[in-house]
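One-letter residues, chain by chain:
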Amino acid sequence: MLEISFITVVGQILLPLALGIRLWRVACSSRVEWFLNALSVAAYLALIAVVGIWLLVPWYLPYGFALMALAAAAASWRRSGRSSPPCAVRTRAGFRASCNRAAAAFCFVALAWALSGYLPPGGPAVRLASPLKNGEFYVVNGGYSILINPHMKTLEREPLRAYRGQSYALDIVKLNRYGFRAQGAWPQDLAGYEIFGEPLYAPCDGKVRFTENRLPDRVPPEHDRDNPAGNFVYLECGASGVVLAHLMQSSVAVAPGDRVREGQQIGRVGNSGYSTEPHLHIHAQQGGGADFLAADPLPLQVEGRTLVRNSRIDAR
């Protein structure tokens, strides 16, 4: 949690501001240098817009950075290449251009890697209704690249084989009217998180196979490594299994063997298990026995959409 806070403050707030100021203030010796400078800033802003996790600051902040960069680039353009600079200045300009070129290349390669995660793997996706209603929700982790979905590390790493079923999982929080998911940065009071206690609905017709309902909700940043799913409901939806995890203690309203209909309330979102703050974890997999998290993962769609990091679900 603290690591994410540091990365967010530096990488998603301070560095974009510094790059915008630099783009505005640096007098480029040529239009080529200006272009490379602007390109490196644009590449970085595009990268953090896709890869960044916008929890401490609202999801729409990247649009503000884009407008800032456009204004800075326009101001810098008018001052660039007005006269022939001396040799020493041209040498420094050449060094800056090389750095900008390398930075832009790195950011565009990383961006392409992240965007590749927007395309699900081959085969049909499990089509689900939204398990959340009455609000706007934000996907923190999702997609098919590790740059936008850390669950993907369970797909190939042998030490994590027991959790492979969650490789394509989604982590979802709720937003308030201002685009924030909590009252403050990391409140200790679970009620300070918009999604805590949110009703959870069956995303498909199916049969309840496994549940857990007794585990306590943890106070952030505490988490339970021994019970990673926390309180959960495992549904058999046709030939697929769907897991909804980190539910509120004593909120699960179904039991193994029950038949449920799409839209039926089955619990509430909590903060149990290996969770650093209240959110809903949902994934689909190819069946699975008692050790159900070790099953093969399946891509999923919610309301016909392939959701990835920074997707929003408007269920109002």
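In short, a report on the structure. (Residues numbered from 1 in each chain as written. Predicted model: local features only at pLDDT ≥ 70, side-chain atom pairs only at ≥ 80, totals over all residues. Heavy atoms only, no water.)

### Overview of the nonpolar core
Leu-132, Leu-170, Ile-172, Val-233, Leu-235, Leu-244 and Ile-266 are the most contacted members of the largest nonpolar core, which totals 32 residues. Put simply, the parts of the chain that give this core at least two residues each are strand E1 (126-128), strand E2 (136-141), strand E3 (170-175), strand E6 (231-237), strand E7 (240-247), strand E10 (280-285) and strand E12 (300-302). If you look at the next biggest cluster of nonpolar residues, it comprises 31 residues, including Ala-38, Ala-43, Phe-65 and Ala-72. (Core = buried A, V, L, I, M, F, W, Y, C linked by side-chain atoms within 4.5 Å. Buried < 20%, exposed > 50% of the residue type's maximum accessible area, 1.4 Å probe, protein only. Helix = DSSP H or I, 4+ residues; strand = E, 2+ residues; numbered from the N terminus.)

### Considering the state of the cysteines
Within the structure shown, the criterion is met by one disulfide. What pairs with Cys-204 in a disulfide is Cys-237, and their sulfur atoms sit 1.8 Å apart. Residue Cys-204 is found in the loop between strand E4 (199-201) and strand E5 (206-212), and its partner Cys-237 is found in strand E6; the two are separated by 33 residues along the sequence. Considered together, Cys-204 and Cys-237 belong to a single accessibility category, that of buried residues. (Disulfide = S-S within 2.5 Å.)

### Some remarks on the environment of Arg-268
Within the element layout of this structure, Arg-268 appears in strand E9 (residues 265-268). Note on Arg-268: relative accessible area 33%, which makes it partly exposed. Spatially, the C-alpha atom of Arg-268 lies 39 Å from that of Leu-17, the residues being 251 residues apart in sequence. Here Gly-197 takes part through its backbone oxygen, which lies 2.7 Å from a polar atom of the side chain of Arg-268. (Polar contact = N/O pair within 3.5 Å; in protein donor to acceptor, adjacent residues only side chain to side chain.)

### Side note on the packing of helix H2 (residues 31-51) against helix H3 (residues 61-79)
Direction vectors running N to C along H2 and H3 enclose 175 degrees, while the axes themselves pass 10 Å from each other. When the axes of H2 and H3 are compared, the pair comes out roughly antiparallel. Facing H2, whose interface residues are Arg-31, Trp-34, Val-41, Leu-45 and Ala-49, H3 presents Pro-62, Phe-65, Ala-66, Ala-69, Ala-73, Ser-76 and Trp-77. Its residues placed into classes, the contact of H2 with H3 shows 10 nonpolar, one polar and one charged. (Axes fitted to C-alpha atoms, helices over the stretch in contact; angles between N-to-C directions. Parallel < 35°, antiparallel > 145°, perpendicular 65-115°, else oblique. Contact = heavy atoms within 4.5 Å. Nonpolar A, V, L, I, M, F, W, Y, C, P; charged D, E, K, R; others polar.)

These figures capture arrangement, not role.
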